[in-house]
Amino acid sequence: MKATSVFGGVQVFQIIISIIRSKFVAILLGPFGMGISSLLTSTTGFIQALTSFGLSTSAVRDVAAAHASGNQKNISITVTVLRRMVWITGLLGAIVTLVLSPLLSQISFGNKDYTLSFALLSVTLLFNQISSGQSVLLRGTRRIKDLAKAGLIGSILGLITTIPLYYLLGINGIVPGLIVTALVSLLLSWCFSRRITIEKIKVSKLRTIAEGKGMMKLGFMISLSSLISIASSYVVRIFISKTGGIDNVGLYNAGFAIINTYVGMIFTAMSTDYYPRLSAVANSNKQSRDLINQQAEVALLIIAPIVLSCLVFINWIVTLLYSSEFLIINNMILYAAIGMLFKAASWSIGFIFLAKGASKLFFWNELISNIYLLLLNLLGYKLYGLTGIGISFMIGYILHLIQMFLVANKSYEFNFGSSFNKIFIVQLFLAVICLIIVKTTVSPYSYIFGSILIAISLWVSYEGLDKRVGITELFKHLKMR
């Protein structure tokens, strides 16, 4: 809860900034411009996943373990190896993007008009990889406040620097904006990581290979799974572009920006502290089970009222974040929001495979889930357009939760506790009833009945969180002070 409150508070501020930025982007670029930006970033993201070897995730375990040991020499060796690895993989990504820029333009847009854009964006892969290496250092040493500050400042600077570019250059400002954003992120991560005292130490090439082998082994599997996930998303965007046009890609991207950025902010906030904590107790199946249940309960208690609010006030949210031009994505978001409740549970389980270093099991899980998620997305869009994407997201994460549970149960004797089951059933019931009301009634009745359900969800969440972390006592303590 402490980590979530720190990052959650920062992300609320980031969301406000993101709302302002999204509004400007929607007005200045429109769905077509957002579609171009989406295709550029998803393509470079695919190359990043291909060449980064998952170091941003796998190396957290190594840094956290070295930090926990208290041995300064071990810490220095681990950090030195990590920094060398991110430079090598970052340069690899930049070179691959630069060399393949004509091909990437042809695949993404059906022509070579964006060859220069991809060539210029190649530098962002180096910036992003180095930045991720610095963030690994902060996460592994659990410098939560520094990570939060870096994210906060980065959001402000990103807003200040990119909006003028979009205003002055329009669609031509997309590439410079992406480059500036990556550079700002790099500078901030470097500034904050410098605060961590690391002794300078000479590490031979042989030692670098030996120490980096563990990072790369787990990282390679993570990279493959990340690559599959990004490739799946990329295929969906290309399919939408070819079938419905670039405008629809922009609408698709806008819809999932709401789901993954605003609703899914809880996952980002929690994962920063959750993964290192789970890694620390990964040797014990019982302790892992208790921690996963604890995390799943808190995640659900926090995210459920947000999901219900999204369901009830979807028209206002889309109009506020973008414009009335984007209201076509409402149905997609409604169904996808329900899917986030299932994602909260499956997400909590999924970290156990990383924490235990079960790279092969993690990979096969990700491969199987991404295959059926991709097929569901393509089928959903083919049958029902953007609404079908939302339905496929919901069905996909129902299947994903079942899959994660069965594998974790068989491999690590995992089970959900009765406390989680009660919370999940109650909040899911409220969400489904809320969806039915929104779909079958008109305003103001949908707002009235929906608000009552939100209030009930909030009460359930407050009671649950108070039982676990003593919110009432905390408020009393703050009031007395």
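Scroll up to find the structure.
By convention here, each chain's residues receive numbers from 1 onward along its written sequence. Confidence filtering applies because this is a predicted model: local features only for residues at pLDDT of at least 70, side-chain atom pairs given and counted only at 80 or more, and all residues used for totals across whole chains, interfaces and linings. Each side-chain value is derived from all of the structure's non-hydrogen atoms; neither hydrogens nor water enter the calculation.

Considerations on the overall build of the chain
Where we set the bar: Numbering goes from the N terminus for both helices and strands, where a helix is a DSSP run of H or I of at least four residues and a strand is a run of E of at least two. A simple rule labels every residue: compare its accessible area, found with a 1.4 Å probe on the protein chains alone, to the largest value its type can have, and call it buried under 20%, exposed over 50%, or partly exposed in between. The contact rule is simple, with two residues in contact once any of their heavy atoms fall within 4.5 Å.
For the chain, the helix and strand inventory stands at 18 helices and 0 strands. Considering the chain as a whole, with its 481 residues, one finds that 55% of them fall into the buried category. Contacts in the chain between residues at least 24 apart in sequence constitute 83% of all its contacts with a sequence separation of at least 6.

Thoughts on the pattern of salt bridges
Note the cut-off: Should a side-chain nitrogen of Lys or Arg be within 4 Å of a carboxyl oxygen of Asp or Glu, the pair is scored as a salt bridge.
In this structure the tally under the stated criterion is 1 salt bridge. Between Lys-286 and Asp-290 there is a salt bridge; the shortest N-O distance is 3.2 Å. With a gap of 4 residues between them, Lys-286 and Asp-290 both fall in helix α12 (residues 285-312), about one helical turn apart.

Digging into empty space enclosed by the protein
Rolled over the atoms, a probe with the dimensions of a water molecule shows which regions are left empty. How we decide: We place a 1 Å grid over just the protein atoms. Points where a 1.4 Å probe fits but has no way out form a cavity, open points with protein on both sides within 12 Å along at least 5 of 7 lines form a pocket, and any residue with an atom within 4 Å of a point lines it. Grid points are joined across faces, edges and corners, and a volume is the space filled by probe spheres set on the points.
The final tally for this structure, using the stated rule, is 2 cavities of 30 Å³ or more. Of the pockets and cavities examined, the second largest cavity occupies roughly 40 Å³. Surrounding the second largest cavity, Asn-285, Ser-288, Arg-289, Ile-292, Ile-352, Lys-356, Tyr-412 and Phe-414 form its lining.

Details of the packing of helix α13 (residues 314-321) against helix α14 (residues 330-355)
Where we set the bar: Angular values range over 0 to 180 degrees, each being the angle between N-to-C directions of two axes fitted as lines to C-alpha atoms, with helices fitted over their stretch in contact. In a left-handed crossing the near helix is turned counterclockwise from the far helix by less than a right angle, and in a right-handed crossing that turn is clockwise. Charged residues are taken to be Asp, Glu, Lys and Arg, nonpolar residues to be Ala, Val, Leu, Ile, Met, Phe, Trp, Tyr, Cys and Pro, and polar residues to be all remaining types, Gly included.
Two elements in contact, α13 and α14, have axes separated by 10 Å at closest approach and are oriented at 120 degrees. Judged by the sense of rotation from one axis to the other, the crossing of α13 with α14 is right-handed. Residues Ile-314, Asn-315 and Val-318 of α13 lie in contact with α14, whose contacting residues are Asn-330, Ile-333 and Leu-334. Here the residues of the contact of α13 with α14 sort into 4 nonpolar, 2 polar and no charged.

In short, geometric facts, not functional conclusions.
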